[in-house]
Amino acid sequence: MRVAIDTQPGGAAPNEDWVAGTPTLAVVLDGLSTAGLDTGCRHGVPWYVRNLGSQLVAALADSETSLTAGLARALEGVATLHPECDLGNPGTPSATVAILRQREECLVHLVLADSPIVLDGPQGLSVITDLRVDQILPELKAEVAQHETHTAGHKEALRNLVSAQRETRNTATGYWVAAAGPDAAEHALTGSVPAEEVRAAALLSDGAACLVTDYAMSTWPEVFATLRAGGPRELIETVCKVEATDPRGQRWPRYKSGDDATVAYCQW
């Protein structure tokens with residue numbers, strides 16, 4: 001498996017995405033926005049995703065360790081790094097997770113929250129994503145969409161949304177993300193396909209996938225054409241160019257003018 005990776009911050013703030021690739025493994029993490037709210041942690045989201053990513057790659061170095069078990073172990077490992085922080089805070093640093101691993105003649109995947117894995121094969125494209133977060137709090141999301149980005153109204157509506165999301169995060173009636181506890185790993189979407197049925201794959205944070213999912217300015221076949229021609233960097237630059245045409249979120253209401261964007265592109 002050949003893996004090309006790239007990640008770019010969406011603005012002046014530190015990048016809250018993380019990506020890694022090896023000959024058998026690709027990982028994309030997308031840290032969740034805090035909207036300026038308290039997290040109970042002095043380290044911050046970039047620290048969290050960096051350490052979760054390194055713990056995850058180490059846990060999965062053993063090919064006999066399942067993706068679910070590896071994620072649970074990594075979550076436990078990060079928690080031990082900052083026991084002085086309030087890990088019970090509902091806003092504790094958290095992230096989405098997308099993992100693809102080649103194991104002999106099989107490709108196994110894990111998706112937790114809305115960073116998709118897209119498989120391209122002779123029979124067409126398959127999108128693997130966890131959209132449980134989209135099913136909750138529609139009224140608060142609609143309120144955010146009523147405001148242009150960078151306005152006081154947008155900031156307040158986003159804080160209200162994130163605050164409410166935190167109360168449903170990692171609960172049976174809400175949605176699941178990687179945070180402080182290992183239990184979230186059991187709620188990830190997992191599966192496998194024969195490697196011969198896949199000729200390329202892309203793991204994307206939602207800041208890169210939005211070109212298709214939110215803006216409808218490209219299709220998945222066009223995304224793979226861009227990746228073949230120019231790799232992850234070209235795809236991310238395309239997203240940036242599209243967002244630059246709508247800096248205030250008038251055409252595409254969103255949480256930020258530009259989100260962190262990350263891609264791992266796998267080929268065989």
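These numbers come from a predicted model, not from an experiment.

**Q** Tell me what's going on with the side chain of Asp120, and back it up with residues and numbers.
**A** With respect to the helices and strands, Asp120 occurs in strand β6 (residues 117-121). Beyond its immediate sequence surroundings of up to four residues, Asp120 is in contact with Leu125, Val198, Arg199, Ala200, Phe224 and Arg228.

**Q** Kindly report on a negative patch on the surface, identifying the contributing residues and their values.
**A** There is a patch of like negative charges on the surface, built from Glu104, Glu105, Glu196 and Glu197. Turning to its location among the elements, Glu104 is positioned in the loop between β4 (95-103) and β5 (106-112). Overall, the relative accessible area of 69% leaves Glu104 in the exposed class.

**Q** Describe the side chain of Asp130, with residues and values.
**A** The topology assignment puts Asp130 in the loop between β7 (124-128) and α3 (138-145). The exposure class assigned to Asp130 is buried, which follows from its relative accessible area of 3%. Among the polar contacts listed, one links the side chain of Asp130 to the side chain of Arg132, at a separation of 2.7 Å.

**Q** Account for the environment of Ser257, naming residues and giving values.
**A** By secondary structure assignment, the location of Ser257 is in the loop between α6 (220-244) and β10 (261-267). Between the C-alpha atom of Ser257 and that of Ala172, which follows or precedes it by 85 residues, the distance is 32 Å. Sequence-distant contacts of Ser257, that is, excluding residues within four places in its chain, are made with Thr149, His150, Glu243 and Pro247. Among the polar contacts made by the side chain of Ser257, one reaches the side chain of His150 at a distance of 2.7 Å. A distance of 2.6 Å separates the side chain of Ser257 from the backbone oxygen of Pro247, its partner in a polar contact.

**Q** Would you mind going over helix α4 (residues 152-168) in detail, with residue names and values included?
**A** Side chains of residues three or four places apart in an α-helix project in the same direction, reflecting 3.6 residues per turn. Between its first and last C-alpha atoms α4 spans 25 Å; for 17 residues at 1.5 Å apiece the expected length is 24 Å, and the two agree. Residues of α4 that are buried make contact with α3. At the exit of α4 stands Asn170, carrying a positive phi of roughly 60 degrees.

About the cut-offs
- Residues numbered from 1 in each chain as written.
- Predicted model: local features only at pLDDT ≥ 70, side-chain atom pairs only at ≥ 80, totals over all residues.
- Heavy atoms only, no water.
- Helix = DSSP H or I, 4+ residues; strand = E, 2+ residues; numbered from the N terminus.
- Contact = heavy atoms within 4.5 Å.
- Patch = residues over 30% accessible without salt bridge, like charges linked within 9 Å, V, L, I, M, F, W, Y side chains within 5 Å.
- Areas by Shrake-Rupley, 256 points an atom, 1.4 Å probe, with all protein chains shown as cover.
- Salt bridge = Lys/Arg side-chain N within 4 Å of Asp/Glu carboxyl O.
- Lys, Arg positive; Asp, Glu negative; His and termini not counted.
- Charge placed at Lys NZ, Arg CZ, Asp CG, Glu CD.
- Buried < 20%, exposed > 50% of the residue type's maximum accessible area, 1.4 Å probe, protein only.
- Polar contact = N/O pair within 3.5 Å; in protein donor to acceptor, adjacent residues only side chain to side chain.
- Expected span 1.5 Å × (residues − 1).

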